[in-house]
Amino acid sequence: MDLTQGTKKIKNERARKMMLWFGIVSLVMGFAGWTSAYIVSSSREDWLDDIALPSAFFVSTVIIILSSITYWLAKRAIAKDEYKQCTNWLLITLGLGIAFVIFQFSGFSQMIAQGYYFTGPTSSIKMSYVFLIAAVHVVHVVAGIITLLVVVVNHFKRKYSSENMLGLELGATFWHFLDILWVYLILFMYFVK
């Protein structure tokens with residue numbers, strides 16, 4: 001396939017999708033580094049392997065999976081030019097994204113209530129990694145919420161239709177990536193003791 005071929009619109013769309021994928025790959029590399037460091041550090045003598053993850057993290061996992069489904073439903077609705085349905089699904093996705101962040105902070109509060117801190121004399125290396133990995137993911141979800149807000153505003157301006165879905169597609173791709181990434185991270189932290 002010759003990437004120089006096609007209309008200006010097609011080349012522009014292809015370039016934007018490629019830029020998003022470069023960004024996603026760089027994020028994967030960052031999280032791969034942190035999870036690798038987690039594995040290497042688990043052989044330390046001071047590693048605590050009997051710590052349970054906060055229950056709020058599991059609730060937030062269900063929430064982010066649901067939000068990915070609602071984003072997919074929004075994309076499907078706009079592909080059929082069902083404007084009102086797309087609006088509803090986008091707003092539900094936004095609410096679920098905010099709920100995810102709230103439950104993540106609730107998880108942090110649960111860890112602190114158990115006496116675990118990110119740093120300090122009562123911190124442990126394992127919990128420092130849990131705080132770090134979850135907090136960096138939350139930062140990216142906040143970025144996802146900002147992109148979702150841009151999608152919602154553009155949707156209200158009627159910029160999306162079955163003929164022009166690029167912005168919504170890019171936002172959905174990033175959101176689905178955040179969902180898959182969190183599912184990987186929670187499973188990783190749960191099973192790698």
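Q: Even after reading the chapter, I still don't get the overall build of the protein, so can you show me in this structure?
A: The number of helices and strands found in the protein is five helices and zero strands. Counting from the amino terminus, helix and strand elements in the protein follow one another as α-α-α-α-α. Taking the principal axes of its C-alpha atoms as reference, the protein extends roughly 60 × 40 × 25 Å. Relative to its full complement of 193 residues, the protein shows a buried share of 41%. For the protein, the proportion of contacts with a sequence separation of at least 24, taken over those separated by at least 6, is 81%. Placing the 16 positive and 11 negative side-chain charges of the protein at their respective mean positions leaves the two points 12 Å apart.

Q: Before we go on, may I ask you to explain the packing of helix H2 (residues 55-79) against helix H4 (residues 125-156) in this structure?
A: When two helices pack together, their arrangement is captured by the angle between the axes and the distance separating the axes. Contact pair H2 / H4: the axes reach a minimum separation of 13 Å and the direction vectors enclose 25°. Compared by their axis directions, H2 and H4 come out roughly parallel. Here H2 and H4 pass one another in a crossing that is left-handed. Residues Phe57, Ile64, Tyr71 and Ile78 of H2 form the contact with H4, whose own contacting residues are Val130, Ala134, His137, Val141, Leu148, Val151 and His155.

Q: How should the packing of aromatic side chains be read in this particular structure?
A: The description of two aromatic rings rests on the distance between their centres and on the angle between their planes. Applying the stated rule across the entire model yields 16 aromatic pairs. Between Phe57 and Phe108 the ring centres are 6.0 Å apart and the planes differ by 85°, which places this aromatic pair in the edge-to-face class. With Phe57 in helix H2 and Phe108 in helix H3 (residues 83-113), the pair connects residues that are 51 residues apart, well separated along the chain. A residue is classified by how much of its surface remains accessible, and Phe57, at 0% relative accessible area, is buried. The exposure class of Phe108 is buried, given its relative accessible area of 9%. For the ring pair Tyr71 and Trp175, a centre distance of 6.2 Å and an interplane angle of 50° mean the geometry is tilted. One end of the pair, Tyr71, is in helix H2; the other, Trp175, is in helix H5 (residues 166-191), with 104 residues separating them in the sequence. Aromatic ring contacts, followed pair by pair, group Phe57, Phe100, Phe105, Phe108, Phe118, Phe131 and Trp182 into a single cluster. Above the ring of Tyr83, the side-chain terminus of Arg158 is found at 3.4 Å from the ring centroid.

Q: It is not clear to me how the nonpolar core should be interpreted in this structure. Could you clarify?
A: When a protein is soluble and globular, its nonpolar side chains tend to lie buried together. Residues Leu90, Trp182 and Met189 are the most contacted members of the largest nonpolar core, which totals 52 residues. Within the residue set of this core, elements represented by two or more residues are helix H1 (8-41), H2, H3, H4 and H5.

Q: It is not clear to me how H4 should be interpreted in this structure. Could you clarify?
A: Every α-helix winds through 3.6 residues per turn, so residues three or four apart in the chain are directed the same way. Counted at 1.5 Å a residue, the expected span for H4 with its 32 residues is 46 Å, and the 46 Å between its end C-alpha atoms agrees. Count one or two residues on from H4 and you reach Arg158, which has phi positive near 60°.

Q: Explain the side chain of Ser68 to me, please; I cannot follow it from the model alone.
A: Tracing the backbone through its elements, the reader meets Ser68 in helix H2. A polar contact is formed between the side chain of Ser68 and the side chain of His176, at a distance of 2.5 Å. Apart from residues lying up to four places away in sequence, Ser68 is in contact with Trp175, His176 and Asp179.

Q: Explain the pattern of salt bridges to me, please; I cannot follow it from the model alone.
A: In a structure, side chains of opposite charge can pair up when their charged atoms sit close to one another. Per the counting criterion, the structure on display carries two salt bridges. One salt bridge connects Lys17 with Glu169, and the closest N-O pair in it is separated by 3.6 Å. In this pair, Lys17 sits in helix H1 while Glu169 sits in helix H5, placing the two residues 152 residues apart along the sequence. Looking at Lys17, the relative accessible area reads 35%, which means it is partly exposed. We classify Glu169 as partly exposed; its relative accessible area is 22%.

Q: Before we go on, may I ask you to explain the environment of Ser128 in this structure?
A: Within the secondary structure, Ser128 sits in helix H4. The spatial distance from the C-alpha of Ser128 to the C-alpha of Tyr38 is 9.7 Å, given a sequence separation of 90 residues. For Ser128, the contacting residues outside a window of four places in its chain are Tyr117, Phe118 and Ser123.

Basis of the calculations
Residues numbered from 1 in each chain as written. Predicted model: local features only at pLDDT ≥ 70, side-chain atom pairs only at ≥ 80, totals over all residues. Heavy atoms only, no water. Helix = DSSP H or I, 4+ residues; strand = E, 2+ residues; numbered from the N terminus. Buried < 20%, exposed > 50% of the residue type's maximum accessible area, 1.4 Å probe, protein only. Contact = heavy atoms within 4.5 Å. Lys, Arg positive; Asp, Glu negative; His and termini not counted. Charge placed at Lys NZ, Arg CZ, Asp CG, Glu CD. Axes fitted to C-alpha atoms, helices over the stretch in contact; angles between N-to-C directions. Parallel < 35°, antiparallel > 145°, perpendicular 65-115°, else oblique. Left-handed = near helix turned anticlockwise from the far one by under 90°. Phe/Tyr/Trp six-rings, centres within 6.5 Å; stacked < 30°, edge-to-face > 60°. Lys NZ or Arg CZ within 6 Å of the ring centre and 35° of its normal. Core = buried A, V, L, I, M, F, W, Y, C linked by side-chain atoms within 4.5 Å. Expected span 1.5 Å × (residues − 1). Polar contact = N/O pair within 3.5 Å; in protein donor to acceptor, adjacent residues only side chain to side chain. Salt bridge = Lys/Arg side-chain N within 4 Å of Asp/Glu carboxyl O.

Purely geometric numbers; function is a separate question.
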